[in-house]
Amino acid sequence: MDQVEIFKALSNKTRLQILGWLKEPELNFPEQPNADFENIGVCVGQIQLKSGLSQSTISEYLSILQRADLISSTRLGQWTYYKRNKEGLKKLSEIINTEL
């Protein structure tokens, strides 16, 4: 886990908002018919709608967060779902508490 990449991922307001939304998806997104928030995550289309940004921008933001190990994705058919990566966030917490 590269510290610089992690903090670059966190240096954008919308990416921080996405992490916040994914912390409590049931409060921030409508119910999904074919996937539960806890095990599968939130459909990229719902994240895009909530943000009000283009699909390409949201895809890039999610890719950055995923490369930083802060979120994970699951593909179901033609849809991709995202959720927080608890292990990655735990490692981030450890970095902050021990190295900074």
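Residues numbered from 1 in each chain as written. Predicted model: local features only at pLDDT ≥ 70, side-chain atom pairs only at ≥ 80, totals over all residues. Heavy atoms only, no water.

Draft legend 1. Local environment of the sheet that holds strand β3 (residues 79-84). Taken in spatial order, the three strands of this open sheet run β1-β3-β2, and their pairing is antiparallel. Of all strands in the sheet, those bounded by a partner on one side alone are β1 (42-43) and β2 (71-76). Sheet topology places β2 next to β3; six bridges connect them, and they run antiparallel. Bridge pairing in β3 links Ser73 to Tyr82. Together, β1, β2 and β3 form the strand contacts of helix α2 (residues 13-23), whose direction differs from that of β3 by roughly 85°. (Pairing = 2+ DSSP bridges. Helix = DSSP H or I, 4+ residues; strand = E, 2+ residues; numbered from the N terminus. Contact = heavy atoms within 4.5 Å. Axes fitted to C-alpha atoms, helices over the stretch in contact; angles between N-to-C directions.)

Draft legend 2. Region of the structure containing the pattern of salt bridges. Evaluated as defined, the whole model comprises two salt bridges. Salt-bridge contacts for Lys8 lead to Glu5; the nearest nitrogen and oxygen are separated by 3.8 Å. Placement of both Lys8 and Glu5 in helix α1 (residues 3-9) is noted, with a separation of three residues, approximately one turn of the helix. The residue Lys86 makes a salt bridge to Glu38 at a minimum N-O spacing of 3.5 Å. With Lys86 in helix α6 (residues 86-99) and Glu38 in the loop between α3 (25-28) and β1, this pair connects stretches of sequence that are 48 residues apart. Of the two residues examined, Lys86 and Glu38, each falls in the exposed class. (Salt bridge = Lys/Arg side-chain N within 4 Å of Asp/Glu carboxyl O. Buried < 20%, exposed > 50% of the residue type's maximum accessible area, 1.4 Å probe, protein only.)

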